[in-house]
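What follows is the residue order along each chain.
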Amino acid sequence: MVEHALAQQNASLSLIDTVDIGAVQTTLAKIGQFQMVVQNTLKANHDYGVIPGTHKPTLLKPGAEKIQMLFGVTSEYEVTERIQDYDKGFFAFTVRCTIFKNGMKITEGVGHCNTREKKYVNQDPYTLANTCLKMAKKRAQIDATLTIASLSEVFTQDMEDLQDYLQTEQIETMTPEEAGATKLTFGKFKGKTLKEIYLSDKSYLQWLVKQDRTKPVIKKAINIMFEAVEHQKQERAQQPKEQSTPVQNEANKTDKQEEQNPFDDAEPVEINDDEFPF
């Protein structure tokens with residue numbers, strides 16, 4: 001046992017003896033310089049996201065692609081595990097991303113995704129196979145990219161944490177205009193904004209907000225809309241009533257109907273497939 005331990009120690013010392021310390025120091029300095037270039041080149045909220053309370057930003061797909069271009073490398077993907085159970089509605093993929101430089105393998109990363117992940121629970125699994133495959137590929141790409149120039153020191157891959165933060169931020173800062181412009185992508189009102197649904201079938205929104213499977217961002221948007229309308233009614237009820245003729249009343253009635261909606265002047269906000277309750 002002692003002889004084996006001494007042999008291992010001697011082997012380690014022999015390996016260290018072969019290392020060019022000067023070259024190592026030069027390489028480490030270059031890695032630090034490249035990390036600075038990456039940080040100065042990538043754009044916040046596009047190439048990476050910053051989660052308050054964390055010490056490292058989260059690398060996103062556009063950022064990973066830019067880093068690979070800066071290095072002049074190419075990537076290849078291989079599905080190493082594939083589960084497609086159509087009887088039970090379960091799909092899972094594991095993907096390996098291998099990065100090459102001039103045909104030589106540099107590094108690799110692994111990504112996995114399956115339809116039992118939390119964000120897919122309330123969706124039809126039979127429509128998610130391709131989505132999971134793409135997500136596994138993206139995770140593998142980011143995992144491999146982070147090993148280039150030790151970029152895991154600069155970025156992390158806590159994508160679920162970032163998504164949770166972005167959704168929480170959206171809920172906390174949502175305005176009536178943004179709520180009304182929220183667009184549904186499934187169901188009988190596919191492609192319609194909540195404002196359009198409110199004007200055509202208010203009862204549907206009242207039903208949707210009571211469903212346990214409805215995503216928090218949808219519930220919040222609906223509640224904001226109803227609260228905005230109620231607030232507007234209360235404000236108008238407190239205003240002094242003015243004398244007017246029957247003709248003026250008809251004209252004012254039309255004007256008020258046009259003003260009743262507080263959800264105008266907003267660009268449509270897309271809701272991802274995994275954010276819809278059906």
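Predicted, not measured: the structure shown is a model, and the values here were computed from it.

Student: Account for the overall build of the protein chain, naming residues and giving values.
Tutor: For the protein chain, the count of helices and strands is 10 helices and 7 strands. Counting all 278 residues of the protein chain, 35% fall into the buried class. Within the protein chain, residue pairs in contact and separated by at least 24 positions form 59% of the contacts whose partners lie at least 6 positions apart. Taken as a whole, the protein chain presents about 17600 Å² of accessible surface, with 51% of it coming from carbon and sulfur.

Student: Tell me what's going on with the sheet that holds strand 4 (residues 90–101), and back it up with residues and numbers.
Tutor: What links the strands of a sheet is backbone hydrogen bonding, and the strands pair in either a parallel or an antiparallel sense. The antiparallel open sheet is built from 3 strands, whose spatial order is 3-4-5. The two strands at the open ends of the sheet, each matched to only one other strand, are strand 3 (74–85) and strand 5 (104–114). Sheet twist, expressed as the average angle between the axes of neighbouring strands with direction ignored, equals 15°. One ladder, built from 11 bridges, connects strand 3 with strand 4; its direction is antiparallel. Following the sheet pairing, arginine 82 is matched in strand 4 by phenylalanine 93. The sheet contacts of helix 4 (residues 129–146) involve strand 3, strand 4 and strand 5, and relative to strand 5 the element is tilted by about 140°.

Student: Could you give an account of the pairing of strand 5, naming the residues involved and the relevant values?
Tutor: In regular strands, side chains alternate between the two faces of the sheet. Here strand 4 runs beside strand 5; their pairing, made up of 10 bridges, is antiparallel. Residue pairing in the sheet places isoleucine 99 in a bridge with threonine 107 of strand 5. The hairpin turn running from strand 4 into strand 5, its antiparallel successor, is 2 residues long, and asparagine 102 in that turn takes a positive phi close to 55°.

Student: Describe the packing of helix 3 (residues 61–71) against helix 4, and please don't skip the residues or the numbers.
Tutor: For the pair helix 3 and helix 4, the least separation of the axes is 10 Å and the interaxial angle reads 45°. Judged by the inter-axis angle, helix 3 sits oblique to helix 4. In the packing of helix 3 onto helix 4, the handedness of the crossing is left-handed. Every residue of helix 4 that contacts helix 3 at Lys61, Ala64, Glu65, Ile67 and Gln68 is listed here: Lys138, Gln141, Ile142 and Thr145.

Student: Can you tell me about the environment of leucine 184, naming the residues and giving the values?
Tutor: Its location among the elements puts leucine 184 in the loop between strand 6 (182–183) and helix 7 (194–200). Residue classification places leucine 184 among the buried residues on the basis of a relative accessible area of 0%. C-alpha separation for the pair leucine 184 and leucine 194, spaced 10 residues apart in sequence, amounts to 7.4 Å.

Student: Break down the state of the cysteines for me, citing the residues and quoting the values.
Tutor: In the structure shown here, the tally under the stated rule is 0 disulfides. Left without a disulfide partner, cysteine 113 is nearest to the cysteine sulfur of cysteine 132, which lies 3.5 Å away. Judged by relative accessible area, cysteine 113 falls into the buried class, the value being 0%.

Student: Outline unusual backbone geometry, supporting the account with residue identities and numerical values.
Tutor: A positive phi is found at asparagine 102, a non-glycine position, where the angle reads about 55°. By the element assignment, asparagine 102 lies in the loop between strand 4 and strand 5. On the basis of relative accessibility, which here comes to 75%, the residue asparagine 102 falls in the exposed class.

Rules behind the numbers
- Residues numbered from 1 in each chain as written.
- Predicted model: local features only at pLDDT ≥ 70, side-chain atom pairs only at ≥ 80, totals over all residues.
- Heavy atoms only, no water.
- Helix = DSSP H or I, 4+ residues; strand = E, 2+ residues; numbered from the N terminus.
- Buried < 20%, exposed > 50% of the residue type's maximum accessible area, 1.4 Å probe, protein only.
- Contact = heavy atoms within 4.5 Å.
- Areas by Shrake-Rupley, 256 points an atom, 1.4 Å probe, with all protein chains shown as cover.
- Pairing = 2+ DSSP bridges.
- Axes fitted to C-alpha atoms, helices over the stretch in contact; angles between N-to-C directions.
- Parallel < 35°, antiparallel > 145°, perpendicular 65-115°, else oblique.
- Left-handed = near helix turned anticlockwise from the far one by under 90°.
- Disulfide = S-S within 2.5 Å.

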